[in-house]
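Analysis of the macromolecular model
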Amino acid sequence: MAWFRREKQRIQPSDSTHIRTEGLWTKCDGCRQIIWKKDLDANWNICPKCGYHFRLDARARLRLLLDEDHYTEHDAGVETTDPLQFVDLKPYQERLRSAQQATGLKDAVVTAEGKLAGQRVLVCAMEYSFIGGSMGCVVGEKITRAIERAAAGRLPLVIVSASGGARMMEGTVSLMQMAKISAALAQLDQAGVPFASILTDPTTGGVTASFAMLGDLNIAEPGALIGFAGPRVIEQTIRQKLPAGFQRAEFLLQHGMLDAVVPRLELKPFLARSLKFFTS
Amino acid sequence: MDSEAARKQSEHLEREIETLGKASPGGETDRRIEELRGQLRQLQAELSGHASAWSRVQLARHPQRPQTLDYVKHLFQDFTEIHGDRTFGDDPALVAGMAWFHGRPVIVVGHQKGHDTTQKVQRNFGMPKPEGYRKALRVMQLAAKFRRPIFTFVDTPGAYPGIDSEERGQAEAIARNLREMARIAVPIVVTITGEGGSGGALAIAVGDRILMLENAVYSVISPEGCASITWRDSTKAEQAAEALKITALDLKPLGIVDEIVPEPPGGAHTDPQKAAQLLDPVLEQALRDLCQVPVNELLQNRYQKFRLMGQFFREAAAS
Ligand SMILES: [Zn+2]
């Protein structure tokens, strides 16, 4: 099976960072070594051997960024009513239920207020394992509310993206969330309240093409896949192989799209410094 | 073709099918009957105002469907095209310019796919790159500076997915347009004229009045793209087109479109000039309404308009 797996990964780079767990062990996609899962857990899902960044779920992200693991979650009970009554091979509502059971979340973002190195902030953390972190009306609404709270309370805003883009099952309604959130960000911009966008693996489609690229600072984690179109769509369009490292955080930094690529363990101090700079 | 003519045409088709049915059966006859039945279904669907989503996708993509420069020709005077994003280049997939509309100076921005093969290649099939969106924003900010209202015409399969687009920041260009269009301090009238292809369409579709032609479509993903992801079969596009709810009739009740603009029977491509004439009074009314609104209120209303899109959720008490 090994050759088959590698083949699959080559076609789907965005899927290559899933943690493959054989009980207590995991194989690292960066260095291909076997690592203890509890070592990985203890190290915020960063390979202790090579520094490869595995994905981090939304709750862990909040623990990483906010002081003493203490925050107040907002709008946790908001859930979609399935505007299109969408059905493909199975009903969207069924997909929602299984995503809700698997993650313990109502939808693909957790929004919260807490302190980051002593400073009150609002943080939105997207959950990639909830239908690919896709943005429908709940993600749109919760992030917009967070932005409005940030503007009203003059609290710095941090949004951590991990998303395949707009949620197809909510159709054009989900497309409109891009405009809704971006309009709210125009008001936050006007109010002079800082917004740091953190782009993690993967951030693509309508999320990149709206709030994720609109930070006062756009910061990415090392190796994160970031783009507008997914690599497969581009390959199919241009009918050629994509260059190595294409659409990775370092590629975007080189092309002027990011302010910095910051390793996960340095993210909190980096944000603390930056937000202090903007607000003091 | 008006609805009376359409009814006559459908009766004619029914008779022809009946006659052929009585004739000797065979491959050729059967094919012809099937073809006529197809035409009949289409005609009847249109007569009842319930053309299938897929048939509207076909109309929206028709190569002879009027595009931005056709509307410019029929509806605007003294159009002067202006080019370039002042940063990288000029994108022929997206046109912009100064024009006069019923005696008023306005700015026009829109996608241009091209009608024949040469034009389509030259215009990249109406799929803009970042420089296209940056040109659009530059010109819209020029409009704001000189207080000229803006008309945008939306008709694109999507923003171009290529290596160069990504290198130059396709996502950033679209995102910036979304944020800036929310606060451009002049009236913006958006018309979805053909294919509203996802982010590449939305990037020039934030405005005060959103109009949509009867047979236009507006979608987060192409039906083919949706079909290949969900059904893992791109031939299920017809089904996907229905499921995605992308027609003007679907989108008006969802609060995404303000007004549906009628087309000549059979679609805008059958009579581009007539299509423009049908659009003209709707554009004029929208502009008249919006020009009476003080700028602060205009911007507030625009914010509220998009703020309220997607109120499809319930709120349980947090567990
Ligand atoms: Zn490793």
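All figures in this text were calculated on a predicted structure; none of them were measured in a lab.

Considering the overall build of chain B
The number of helices and strands found in chain B is 14 helices and nine strands. Its C-alpha atoms give chain B a radius of gyration of 21 Å, near enough to 20 Å, the size a compact globule of 319 residues would have. For chain B, the spread of C-alpha atoms along the three principal axes comes to 70 × 60 × 40 Å. Partitioning the intrachain contacts of chain B with sequence separation of at least 6 by distance along the chain shows that 70% fall at a separation of at least 24. With the model as given, the accessible surface of chain B reaches about 13800 Å², and the carbon-plus-sulfur share is 50%. When the 39 basic and 42 acidic side-chain charges of chain B are each reduced to a single mean position, those positions are 5 Å apart.

Some remarks on helix α8 (residues 231–238) of chain A
Among all positions in α8 of chain A, only P231, I234 and I238 of chain A are buried. Viewed along the axis of α8 of chain A, the buried residues span an arc of 60°, placing them on a single side of the element. The inward-facing, buried residues of α8 of chain A contact α7 (163–167) of chain B. Once α8 of chain A ends, the next one or two residues include R239 of chain A, with phi positive near 55°.

Digging into the coordination of the zinc ion
Residues and elements named next belong to chain A. Of the protein atoms, only C28 (SG), C31 (SG), C47 (SG) and C50 (SG) coordinate the zinc ion, at distances of 2.3 to 2.4 Å. Considering all four donor atoms around the zinc ion, the spread of angles at the metal, 108 to 111°, places the coordination shape in the tetrahedral class. Here the donor residues of the zinc ion share one chain and are spaced in sequence as C-x2-C-x15-C-x2-C. On the criterion of sequence distance, the pair formed by C31 in the loop between β2 (25–27) and β3 (34–36) and C47 in the loop between α2 (37–42) and α3 (58–65) is long-range, its members being 16 residues apart. A relative accessible area of 2% places C47 in the buried class.

What to know about the side chain of H111 of chain B
All names here are of chain B. Within the secondary structure, H111 is located in strand β3 (residues 104–111). Among the residues examined, H111 registers a relative accessible area of 0% and is labelled buried. At 3.1 Å, the side chain of H111 forms a polar contact with the backbone nitrogen of D155. From its side chain, H111 meets the backbone oxygen of G200 in a polar contact 3.1 Å long.

Considering the pattern of salt bridges
All names here are of chain B. The full count for this structure, using the stated rule, is 41 salt bridges over all chains. The residue K129 makes a salt bridge to D164 at a minimum N-O spacing of 2.7 Å. Of this pair, K129 sits in the loop between α5 (117–122) and α6 (130–145) while D164 sits in helix α7, placing them 35 residues apart in sequence. K305 is the partner of D258 in a salt bridge, and the nearest nitrogen-oxygen pair spans 2.7 Å. Of the two residues, D258 sits in the loop between α12 (248–251) and β8 (259–261) while K305 sits in helix α14 (residues 295–307), which places them 47 residues apart along the sequence. Its relative accessible area of 18% is what places K305 among the buried residues.

Focus on the domain arrangement of chain B
When its domains are assigned, chain B resolves into domain 1 (3–50) and domain 2 (59–307). Summarising the inter-unit geometry, the C-alpha centres of domain 1 of chain B and domain 2 of chain B are found 35 Å apart.

Some words on the nonpolar core
L157 of chain A together with F76 and Y218 of chain B are the most contacted members of the largest nonpolar core, which totals 140 residues. Apart from the residues lying within four places of it in its own chain, the contact partners of Y218 of chain B are T172, L175 and M176 of chain A together with I192, G196, A201, L202, A205, M212, I246, L251 and I256 of chain B. Grouped together as the second largest cluster of nonpolar side chains are 27 residues, L56, A58, L267 and L271 of chain A included.

A look at the packing of aromatic side chains
Residues and elements named next belong to chain B. The tally for this structure, following the rule as stated, stands at nine aromatic pairs over all chains. Judged by centre distance (5.6 Å) and plane angle (70°), the rings of F76 and F151 are edge-to-face. In this pair, F76 is assigned in the loop between α4 (68–75) and β1 (77–81) and F151 in strand β4 (residues 150–156), connecting sequence segments 75 residues apart. On the basis of relative accessible area, F151 is assigned to the buried category, the value being 0%. The rings of Y71, F76, F101, F151 and F153 are connected pair by pair, giving a single aromatic cluster.

Regarding the packing of α3 of chain A against helix α10 (residues 264–279) of chain A
All names here are of chain A. Between α3 and α10, whose axes approach to 9 Å, the crossing angle comes to 50°. Taken together, the axes of α3 and α10 are oblique relative to one another. Residues R61, L64 and L65 of α3 pack against R264, L267, K268 and L271 of α10.

Quick look at the interface of chain A and chain B
Interface size is commonly expressed as the accessible area that is lost once the parts come together. Contact with chain A, which involves 59 residues of that partner, is made by 49 residues of chain B. Across the chain A to chain B interface the summed buried area is about 4700 Å²; carbon plus sulfur atoms make up 69%. Counting the surface chain A buries against chain B, the share from its top three residues, M168, M176 and F228 of chain A, is 14%. Summed over the shared surface of chain A and chain B, the result is five salt bridges. In this structure, E141 of chain A and R307 of chain B form a salt bridge, with 2.9 Å as the shortest nitrogen-oxygen distance.

Calculation criteria
Position numbers for residues count from 1 along each chain, tracking the sequence in the order it is written. As they are written, the chains are lettered A onward and the ligands numbered 1 onward, keeping that order. Whole-chain, interface and lining totals are the exception, using all residues; otherwise, since this is a predicted model, local features are given only for residues with pLDDT of at least 70 and side-chain atom pairs are given and counted only at 80 or more. Values reported for side chains reflect all heavy atoms of the structure, with hydrogen atoms and water molecules removed beforehand. Each helix corresponds to a stretch of at least 4 residues labelled H or I by DSSP, and each strand to a stretch of at least 2 residues labelled E; elements are numbered beginning at the N terminus. Two things to know: the radius of gyration comes from C-alpha atoms, and the globule rule equals 2.2 Å times the number of residues to the power 0.38. By definition in these notes, contact holds between two residues if any of their heavy atoms fall within 4.5 Å. Here the accessible surface of atoms and residues is derived via Shrake-Rupley with a 1.4 Å probe, and residues count as covered only by protein chains that are part of the display. His is not counted, nor are the chain ends; Lys and Arg add positive charge and Asp and Glu add negative charge. Taken as the charge location is NZ of Lys, CZ of Arg, CG of Asp or CD of Glu. Burial status follows relative accessibility: with a 1.4 Å probe on protein chains alone, a residue under 20% of its type maximum counts as buried, one over 50% as exposed, and anything between as partly exposed. The arc in question is the one traced by the directions running from the helix axis out to the C-beta atoms. Coordination here is defined by N, O and S atoms within 2.8 Å of the metal (3.2 Å for Na, K and Ca), and since water is not considered, a site can look incomplete. Every angle between 85 and 135 degrees makes a four-donor site tetrahedral, while opposite donors more than 155 degrees apart, with all other angles between 65 and 115, make a four-donor site square planar and a six-donor site octahedral; other sites are irregular. As used in this structure description, the phrase polar contact means that two N or O atoms lie within 3.5 Å; if the pair is within protein, one of them must be able to donate a hydrogen and the other to accept it, and residues adjacent in sequence are counted only when both atoms belong to side chains. Any Lys or Arg side-chain nitrogen found within 4 Å of a carboxyl oxygen on Asp or Glu counts as a salt bridge. An automatic or database domain assignment supplies the residue ranges for each domain. Think of a nonpolar core as a cluster: buried Ala, Val, Leu, Ile, Met, Phe, Trp, Tyr and Cys residues, connected wherever their side-chain atoms sit within 4.5 Å. Stacked, tilted and edge-to-face are the three classes applied to pairs of Phe, Tyr and Trp rings, where Trp contributes its six-membered ring and a pair requires centres within 6.5 Å; stacked means planes under 30 degrees apart, edge-to-face means over 60, and tilted covers the rest. The axes used here are C-alpha line fits, helices contributing only the stretch in contact, and every angle between their N-to-C directions lies in the interval 0 to 180 degrees. Oblique is the label for every angle not falling under 35 degrees (roughly parallel), over 145 degrees (roughly antiparallel), or within 65 to 115 degrees (roughly perpendicular). Buried area: the accessible surface (1.4 Å probe) lost by two parts on joining, summed over both.

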